[in-house]
Amino acid sequence: MPRTIAVIHARNHAHTLERLALEPLHDTTSILEFQSRRLRNIHGIDELVIATSAQNTDDGIASIAHAEGIRVFRSEDNDTLSSLLDVADQTLANTLIYITPASPFCDPDIIAKSVVEHGSNNSEFTTLSENTLPDGFFAELISQPVLKQLNVDARIAGADRENIFNFIRHHRDEYRTHSVSVAMSASPPQQGVAVRRAEDLEMLRAMHATLKERDWPVDMLHICKLLDEFSVLNSIIKGLAC
């Protein structure tokens with residue numbers, strides 16, 4: 001039976017912000033704990049796992065996985081492609097969903113929709129249609145045979161193995177690619193919710209706190225409402241500073 005596995009790929013040295021997965025998003029709850037609890041029961045996914053390195057510096061990530069009751073896979077190889085292949089082989093996965101701590105608000109409903117469309121379109125690679133959603137809500141899907149094909153592709157070495165999804169996007173015409181569209185009642189905000197700088201993380205913390213204060217769910221609709229509000233507020237502040 002085909003298996004679909006969601007993988008949170010978390011390594012302390014792999015992001016612009018060191019130890020991003022262990023950074024608190026709210027109270028004492030780390031980004032990795034928040035993601036694990038938010039994404040573990042998505043319809044259409046057989047299992048959520050965490051992939052990290054075998055280095056001592058990532059012991060904290062493995063400890064969170066164990067505490068959350070989530071299988072953790074630790075790879076000696078320091079690249080994304082090898083890590084995903086290792087997970088696919090050990091879980092007998094046909095499809096992997098790639099998630100990183102840089103997208104704490106990755107949306108479970110959008111992932112579930114993507115899983116359905118990935119299967120119904122017999123896709124090898126499923127990504128988001130351009131100009132559909134702000135950055136940080138989506139996770140890409142890749143088939144296990146494509147990972148094996150990429151592993152022996154002579155064009156791929158070094159940085160390409162680490163940034164394998166950039167390579168796939170640039171060569172998407174080589175694979176059966178499906179693009180997911182997500183309908184929104186209004187134009188999507190320009191500001192995304194991916195974490196690349198310390199300022200991004202502070203904004204997401206403020207957003208989570210605001211959602212909690214208003215008793216709003218942490219979903220795409222309400223996050224986008226806040227993004228619009230924050231954008232207007234930033235415009236006002238910049239205007240006053242001129």
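Preceding block: the structure.
Reference entry: report on the structure contained in this document. (Residues numbered from 1 in each chain as written. Predicted model: local features only at pLDDT ≥ 70, side-chain atom pairs only at ≥ 80, totals over all residues. Heavy atoms only, no water.)

Description of the overall build of the protein chain
Then step 1. Secondary structure assignment for the protein chain yields 9 helices and 9 strands.
Then step 2. Over its C-alpha atoms the protein chain spans a radius of gyration of 18 Å, differing by no more than 12% from the 18 Å that the globule rule assigns to 242 residues.
Then step 3. With the C-alpha coordinates of the protein chain rotated into their principal frame, the extents come out at 55 × 40 × 35 Å.
Then step 4. Within the span of the protein chain, comprising 242 residues, buried residues form 53% of the whole.
Then step 5. For the protein chain, contacts bridging at least 24 residues in sequence account for 69% of all contacts bridging at least 6.
Then step 6. When the accessible surface of the protein chain is split by element, carbon and sulfur atoms take 49% of a total near 11,800 Å². (Helix = DSSP H or I, 4+ residues; strand = E, 2+ residues; numbered from the N terminus. Rg over C-alpha atoms; globule rule 2.2 N^0.38 Å. Buried < 20%, exposed > 50% of the residue type's maximum accessible area, 1.4 Å probe, protein only. Contact = heavy atoms within 4.5 Å. Areas by Shrake-Rupley, 256 points an atom, 1.4 Å probe, with all protein chains shown as cover.)

Examining the packing of aromatic side chains
Then step 1. All told, the structure shown has 3 aromatic pairs when counted by the stated rule.
Then step 2. A centroid spacing of 6.0 Å and a plane angle of 70° characterise the contact between Phe-34 and Phe-105, whose relative ring orientation is edge-to-face. Pair noted here: Phe-34 is in helix H1 (residues 31–39) and Phe-105 is in the loop between strand E6 (95–99) and helix H4 (108–120), with a separation of 71 residues, a long-range link.
Then step 3. For Phe-34, a relative accessible area of 10% corresponds to the buried category.
Then step 4. Both rings, one in Phe-125 and one in Phe-165, keep their centres 6.4 Å apart while their planes meet at 40°; by these two values the pair is tilted. Placement of the pair is Phe-125 in strand E7 (residues 125–128) and Phe-165 in helix H7 (residues 164–170), with a sequence separation of 40 residues.
Then step 5. On the accessibility criterion, Phe-125 (0% relative accessible area) is buried.
Then step 6. What makes Phe-165 buried here is its relative accessible area of 4%. (Phe/Tyr/Trp six-rings, centres within 6.5 Å; stacked < 30°, edge-to-face > 60°.)

Things to note about H1
Then step 1. Counting buried residues along H1, 8 of its 9 residues qualify, which places the element largely inside the surrounding structure.
Then step 2. Here H1 has its buried residues at Ile-31, Leu-32, Glu-33, Phe-34, Gln-35, Ser-36, Arg-38 and Leu-39.

As for the sheet that holds strand E4 (residues 47–53)
Then step 1. Taken together, the 7 strands give an open sheet; going across it, the order is E5-E4-E1-E6-E8-E7-E9, and neighbouring strands pair in mixed fashion. Both outer strands of the open sheet, strand E5 (72–75) and strand E9 (177–180), are each paired with one neighbouring strand and no more. Averaged over all pairs of adjacent strands, the angle between strand axes in this sheet comes to 25°, irrespective of strand direction.
Then step 2. Alignment of E4 against E5, held across 4 bridges, turns out to be parallel. Bridge pairing links Ala-51 to Phe-73 in E5.
Then step 3. On the sheet, H1 packs against strand E1 (4–9), E4 and E6 and is oriented at approximately 155° with respect to E4. (Pairing = 2+ DSSP bridges. Axes fitted to C-alpha atoms, helices over the stretch in contact; angles between N-to-C directions.)

Focus: the pattern of salt bridges
Side-chain pairing between opposite charges can occur once the charged atoms of the two side chains come close.
Then step 1. Evaluation of the coordinates by the stated rule reveals 19 salt bridges.
Then step 2. The salt bridge involving Arg-40 is made with Glu-68; its shortest N-O contact spans 3.9 Å. With Arg-40 in the loop between H1 and E4 and Glu-68 in the loop between helix H2 (59–67) and E5, this pair connects stretches of sequence that are 28 residues apart.
Then step 3. On the accessibility criterion, Arg-40 (31% relative accessible area) is partly exposed.
Then step 4. Exposure remark for Glu-68: the relative accessible area of 14% places this residue in the buried category.
Then step 5. In this structure, the salt-bridge partner of Arg-176 is Glu-124, at a minimum N-O distance of 3.4 Å. Highlighted residues: Arg-176 in the loop between H7 and E9 and Glu-124 in the loop between H4 and E7, separated in sequence by 52 residues.
Then step 6. Taking the relative accessible area as the measure of exposure, Arg-176 reaches 42% and is therefore partly exposed. (Salt bridge = Lys/Arg side-chain N within 4 Å of Asp/Glu carboxyl O.)

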